Amino acid sequence: MSDHDYTPSSKVGKWFNDRLPLLTLANHLTDYPTPKNLNYWWTFGGILTFCLITQIVTGLTLAMHYIAHADMAFESVEHIMRDVNYGWLIRYIHANGASMFFLAVYIHIFRSLFYGSYKSPREIIWIIGIIIYLLMMAAAFMGYVLPWGQMSFWGATVITNLFSAIPLVGEGIVTWLWGGYSVDNPTLTRFFTLHYLIPFLILGLVVLHIWALHVPGNNNPVGIDIKKPSKDTVPFHPYIVIKDGFALLMFMIVFAFFVFYSPNILGHADNYIEANPMVTPAHIVPEWYLLPFYAILRSVPDKLLGVVAMLSAILILAVLPWLDTSKIRSAVFRPLYKQFYWILVADVLILGYMGAMPAEGLYLLIARVATAYYFLHFLVILPVLGFKEKTIPVPLSITESVLGGSPNLAAARNRESSENLK
Amino acid sequence: MSDKKPERRDFLFTASYAVGAVGAAAVVWPLIDQMNPDASVKALASTEVDVSSVKRGNTITVLWRGKPVFIRRRTEEEITEARSVKMEDLIHPEKDEDRAKNPEWLVMLGVCTHLGCVPLNDKGDYDGWFCPCHGSHYDTSGRIRKGPAPLNMEVPKYEFVNANTIKIG
């Protein structure tokens, strides 16, 4: 991990560091050489760390007032909203925080897709990231159940019933998950327990994610291997810290807008009706961040295959480093991949929209085409593209990509000359 | 693999691992099984319903084991419609005669076999039920006719205790 020796300047620091090298770790983190061309798409790692900590802190405080019981959960959430000091603020931060967390993670994932950050030697970072993403979905789903509203109840019913698609043991698994013959109090209490646990698992995986990142170092927009430290790098502190900090402030403005001006816009009105096992709401929709996968589930007319397709859509990401056969990382030098990348982005957005619409008629047809394309992208286009695509020559260093030998050369020169005119 | 003959120590290793695995499984099982339905949940296994007030063509919904149960008193047309369907037209072939022993009364779990939503009464393309979640259509016998659900709505164990009372479970 550390390729430089570090000795604390103070005697006490040295004494401590010889026994527990925390200061060496701190020094590694501040001096950590970072590519100097990282753009703002690289600031979402820091933003995600902020989101996780926000969820843990607000979650802990909410748990001091929430009661995990089918008869009292709904009321206790209203109690938090009306009676608890700043309870409304803490709950709105927590509820919208989940959406912000997913917004950031999707940008983070699509950043990796564009710049090929999942490729060798960063496969383990990527896979840990996918596991974190899966845990995030589990945590978000179980958290949504806790207020025990209509969407909570029926969302829980639909999602747990996905397991009933497994042949032979499916029904048994569902009964086991429920602790009864339907979603009820035992389900609520165990979901609360797991919802409390998962963020700490994520925290542990984030440490591994960053640890694995610090072995090869960051990828960068040019996507080439660079010497570290060199003229192509800057120390993490203060350069990246300040840049991440600025991006975080911008992100917090968006976050605060939702919390203070439209705290319920990302939720469903049905969840302000207490859970009723006798009535299913007219239109069950998951939270926005799960919609693309929900659309895939519904676009397959068979129950088991629908569940298989939905899970594959997520798990296929884990093997992405081996599906993408191209040696070139960054889409900047892959003219064809760049186009397919944007088609994929559009495809996922279309799937998300279809997931929110009723599964019938034209919506269903479009969802089916989009589902087919999603798998086509990963299973056919990416593997073939690596062999067929004529890529643009990559620069030898980040500095060269700015000063010469790059397709952006003209632009860079123009900028320079316009600066000279000032 | 080496050609070395197994010795005393190899036997000890294998035996220790085996005992350890059995011990670990024995400890893990209670931790898993505690999540299964407990004694108090199982105790609520049956429920009795008075159906004397249900008119023909109406459905009442009662809660049994936390799940809705539809009790429909069918009209003659509905019975005829349910009984005239050809078996080849069914996704999950079941005779209406087997689902409703007393043709006037259809008793079944009001739970869509797709993902567990409660279907809506008197809706859908087959004059029976329609699930709003993912668009499954059921006929007047509660059999799946169209949509993603794989099975007919389940008929629970029930009996007429007397002319006006149904015991479910």
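It should be noted that the structure appears before, not after, this text.
Residues numbered from 1 in each chain as written. Chains lettered and ligands numbered in written order. Predicted model: local features only at pLDDT ≥ 70, side-chain atom pairs only at ≥ 80, totals over all residues. Heavy atoms only, no water.

Notes on helix α3 (residues 76–83) of chain B
For α3 of chain B, the complete set of buried residues consists of Glu78, Ile79 and Ala82 of chain B. One face of α3 of chain B carries all of its buried residues, which in axial projection span an arc of 100 degrees. (Buried < 20%, exposed > 50% of the residue type's maximum accessible area, 1.4 Å probe, protein only. Helix = DSSP H or I, 4+ residues; strand = E, 2+ residues; numbered from the N terminus. Arc of directions from axis to C-beta.)

Overview of the packing of aromatic side chains
Residue and element names in this part refer to chain A. Inspection of the entire model under this criterion finds 32 aromatic pairs over all chains. Centroid distance Tyr66 to Phe192: 5.2 Å. Interplanar angle 50 degrees. Geometry classified as tilted. Here Tyr66 is found in the loop between α3 (44–63) and α4 (73–82), whereas its partner Phe192 is found in helix α9 (residues 185–214), with 126 residues between them in sequence. Seen in terms of ring centroids, Phe153 and Trp154 are 5.0 Å apart; in terms of plane orientation they differ by 70 degrees. Their pairing is edge-to-face. Per residue, the accessibility class of Phe153 equals that of Trp154, and both read buried. Every member of this aromatic cluster is reached through a ring pair, and the members are Trp42, Phe110, Phe114, Tyr115, Tyr337, Tyr341 and Trp342. (Phe/Tyr/Trp six-rings, centres within 6.5 Å; stacked < 30°, edge-to-face > 60°.)

Let's talk about the nonpolar core
Formed by 122 residues in total, the largest nonpolar core has its most connected members in Phe102, Leu113, Tyr133, Trp148, Phe293, Tyr374 and Phe378 of chain A. Residues within four places of Tyr374 of chain A in sequence aside, it is in contact with Phe293, Ile296, Ala313, Ile316, Leu317, Leu344, Asp347, Val348 and Leu351 of chain A. The next biggest cluster of nonpolar side chains, apart from the first, holds 13 residues, and it includes Val51, Val62, Val69 and Leu109 of chain B. (Core = buried A, V, L, I, M, F, W, Y, C linked by side-chain atoms within 4.5 Å. Contact = heavy atoms within 4.5 Å.)

Thoughts on the sheet that holds strand β7 (residues 137–138) of chain B
All names here are of chain B. On the basis of which strands lie adjacent, the open sheet formed by four strands has the order β5-β6-β7-β8 and antiparallel pairing. Taken across any chain shown, the strands that pair with only one partner, and hence form the sheet edges, are β5 (120–121) and β8 (144–146). In the sheet, β5 pairs with strand β6 (residues 129–130) via two bridges, with the strands oriented antiparallel. If you follow Asn121 over to β6, its bridge partner there is Trp129. (Pairing = 2+ DSSP bridges.)

Describing the state of the cysteines
Residue and element names in this part refer to chain B. Following the criterion strictly, the structure yields one disulfide over all chains and no others. Here Cys117 engages in a disulfide with Cys133; their sulfurs sit 2.0 Å apart. In this structure, the disulfide formed by Cys117 and Cys133 twists by about -100 degrees around the S-S bond and is classed as left-handed. Of the two residues, Cys117 sits in the loop between β4 (105–109) and β5 while Cys133 sits in the loop between β6 and β7, which places them 16 residues apart along the sequence. Overall, Cys117 belongs to the buried group, its relative accessible area being 1%. By relative accessible area, which is 4% here, Cys133 ends up buried. Here Cys112 stays free of any disulfide, with the sulfur of Cys131 as its closest cysteine sulfur at 3.8 Å. Judged by relative accessible area, which is 3%, Cys112 ranks as buried. (Disulfide = S-S within 2.5 Å.)

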